[in-house]
Amino acid sequence: MKRKLTTFAVLFATMVMQAQTARQFTINLTDDGQANMVCFLADHPTGRAIVGVPGGGYSMLSNTHEGTQAHEWLNKQGISYFVVNYRLPKGDRTIPIGDVEHGIRMVRDSAKIWHINPSDVGIMGFSAGGHLSSVISTLSDFEVRPNFSILFYPVISMDIPKSHRWSCINFLGEEGHKDRNLIKKYSTNNAVRRHLTPPAIILTASDDGLVNPVTNGLEYYKAMHDAGNECTMFVYPTGNHGWGFGPWFKYHDQMLSDLGNWLKNLQAPKEDAIKVACIGNSITDGHGINFAPVNGYPAQLQKLLGNDYYVKNFGVSARTMLNKGDHPYMNEMAWKDALAFKPDIVIIKLGTNDSKPENWQYNTDFKQDLQQMITTLRPDLLKPAKKGKKNKKQVVKNEGPQIFLCTPIPAFKSTWNINDSIIANHIIPIQQQVAQEYNLHVIDLHSLFGDGKGTMLNDGIHPNEKGAQKMAKIIADAIKH
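Computed from a predicted structure; not experimentally measured. (Residues numbered from 1 in each chain as written. Predicted model: local features only at pLDDT ≥ 70, side-chain atom pairs only at ≥ 80, totals over all residues. Heavy atoms only, no water.)

Some points on the overall build of the protein
Scanning the protein for helices and strands turns up 17 helices and 13 strands. Radius of gyration (C-alpha) of the protein: 25 Å, near the 23 Å computed for a compact globule of 481 residues. Put simply, the protein has 481 residues, and 56% of those count as buried. Of all intrachain contacts in the protein linking residues separated by at least 6 positions in sequence, the fraction that spans at least 24 positions is 74%. Summed over its atoms, the accessible surface of the protein is roughly 21,900 Å², and 50% of this surface lies on carbon and sulfur atoms. In the protein, 50 positive and 44 negative side-chain charges are present, and the distance between their average locations comes to 4 Å. (Helix = DSSP H or I, 4+ residues; strand = E, 2+ residues; numbered from the N terminus. Rg over C-alpha atoms; globule rule 2.2 N^0.38 Å. Buried < 20%, exposed > 50% of the residue type's maximum accessible area, 1.4 Å probe, protein only. Contact = heavy atoms within 4.5 Å. Areas by Shrake-Rupley, 256 points an atom, 1.4 Å probe, with all protein chains shown as cover. Lys, Arg positive; Asp, Glu negative; His and termini not counted. Charge placed at Lys NZ, Arg CZ, Asp CG, Glu CD.)

Structure follows, in structure tokens:
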């Protein structure tokens, strides 16, 4: 009787697992099949997907408890799961990077068929796979960068005294692991970017004797925290290294609870949300505002517009519209990301730093640089008409985003040589002229922002949280009307 019950229990468990996983299959990522991706599609998909990256010190793949073993738990929550069995670098780091990027691209390209929200694709890496996941999260192009990262006891540093020796040597190569520039670049705590690096959760054990959590996971957490990016870290008292989803881990159930709650509270944009890209300088970035990703103007704009919109912050402090300025915006990773985001609406708020004498000496370029930004966003827009053909410019079929040009808010003080007279009498007229030529919307923040009382930081340049809320309200009204 006991044996029959045991047989029934196994059969029942198998049926439950099958009910959770609608389909399992393997896809080759290389023609020779040396790299492949094992796919577990959820039976009742929520739209969320996770790409798994096993560990193994870049010398082997631990793709069971650090790979496929997670599929049942994830599928049960409606999350489709894809384990990338990447090729080992053997000194050529582009090989595993390319394999994982290929996997993420395939998941996003197949989103409709596999019932996945392409804006809700995460990555989950273990040990050296955690390092590889953090490389993809920080250094890869926007199209293949994940929307969130799950890092189990990750290797972060490529500096051997601080990290796992063979992960460093195998990834960078015999010569590369001695190159300080490569060590710095691929120690991914150095590659974290404000607003651009996706939210992360780090899971590790205090007694990890193989990958020091203080010089690795904690360094990534610190970099994320300092950048103002969302990051959570759980450090379990014991467990050493390499437990993954193995049930033998003493804190296995607690770990699943911690990770499950984090995933549950990680909000994803609606698949059909209207995408809004906020381009700008430190005022967009949220300089001086505590928890800017939550309280800056783009975050406030998201709250006002609601779930039908997906607002993303591409602001970078100190940047100029001028390409000959001290810090040109169009040289930034954020500009490249903003284009790859493929927004439906773009809010451009640049010009404040251009008013500095050291930048405004190139004032004759301001108009053409603004035109370059607009026509890069909207290639369908023709160039302004030649002299003698005023107002003859035609707009071809709208094949790009709706663009709003924001005038700078007033500079209430001349901090950092920022000149409000240049803004009011030179920069704003050029913005208005270009907007008219291209039939764009202008949001006159310079007039609508008011006298700055109670809405500015002491520097007189940056809005405080209340000022950011005011900006968001003005911009939200313009978008909705």
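Let's talk about helix α11 (residues 297-305)
Where α11 is concerned, the buried positions are Tyr297, Pro298, Ala299, Gln300, Leu301 and Leu305. In this structure, the buried residues of α11 make contact with β9 (274-280), α9 (282-285), α10 (292-295), β10 (309-315), β11 (345-349) and α17 (465-480). Gly306 sits one or two positions beyond α11 and adopts a positive phi of about 90°.

Some words on the sheet that holds strand β12 (residues 402-406)
Judged by pairing direction, the sheet is parallel, and its five strands sit side by side in the order β10-β9-β11-β12-β13 without closing on themselves. Taken across any chain shown, the strands that pair with only one partner, and hence form the sheet edges, are β10 and β13 (441-443). Here the average twist between neighbouring strands, direction ignored, is 20°. Across three bridges, the pairing between β12 and β13 is parallel. By the bridge assignment, Leu405 is partnered in β13 with Val442. In this fold α11 packs onto β9, β10 and β11, with an angle of close to 170° to the strand it touches most, β10. Each of β9, β11 and β12 touches helix α14 (residues 366-377); the most contacted strand, β12, lies at about 155° to it. (Pairing = 2+ DSSP bridges. Axes fitted to C-alpha atoms, helices over the stretch in contact; angles between N-to-C directions.)

Overview of the environment of Asn189
Here Asn189 shows up in the loop between α6 (180-186) and β7 (200-205). The class for Asn189 is buried, based on a relative accessible area of 19%. A sequence separation of 26 residues divides Asn189 from Thr215, and the C-alpha atoms of the two residues are 10.0 Å apart. Setting aside residues up to four positions removed in sequence, Asn189 forms contacts with Ile156, Glu219, Tyr220 and Ala223.

A short note on the environment of Ser134
Mapped onto the secondary structure, Ser134 falls in helix α4 (residues 128-139). Ser134 sits in the buried class, given a relative accessible area of 0%. Separated by 86 residues in sequence, Ser134 and Tyr220 have C-alpha atoms that sit 8.9 Å apart. Once residues lying within four places of it in the same chain are set aside, the contact partners of Ser134 are Leu151, Val155, Ile156, Thr188 and Tyr220.

Some words on the nonpolar core
By size, the foremost hydrophobic cluster in this structure holds 41 residues, and its most contacted members are Ile279, Phe314, Tyr329, Ile348, Met373 and Ile374. Sorting the residues of this core by element identifies β9, β10, α12 (333-340), β11, α14, β12 and α15 (420-438) as the ones contributing at least two each. If you tally residues by element for this core, the top one is α15, at eight residues. Counting residues in each nonpolar core, the second largest holds 37 residues, with Trp114, Ala128, Ile136 and Met158 among its members. (Core = buried A, V, L, I, M, F, W, Y, C linked by side-chain atoms within 4.5 Å.)

A few points about unusual backbone geometry
Phi at Lys90 is positive, roughly 50°, even though this residue is not glycine. Residue position: Lys90 is located in the loop between β4 (80-85) and α3 (94-109). For Ala318, which is not glycine, the phi torsion reads 75° and is therefore positive. Topologically, Ala318 is positioned in the loop between β10 and α12.

Read these as spatial facts, not as claims about activity.
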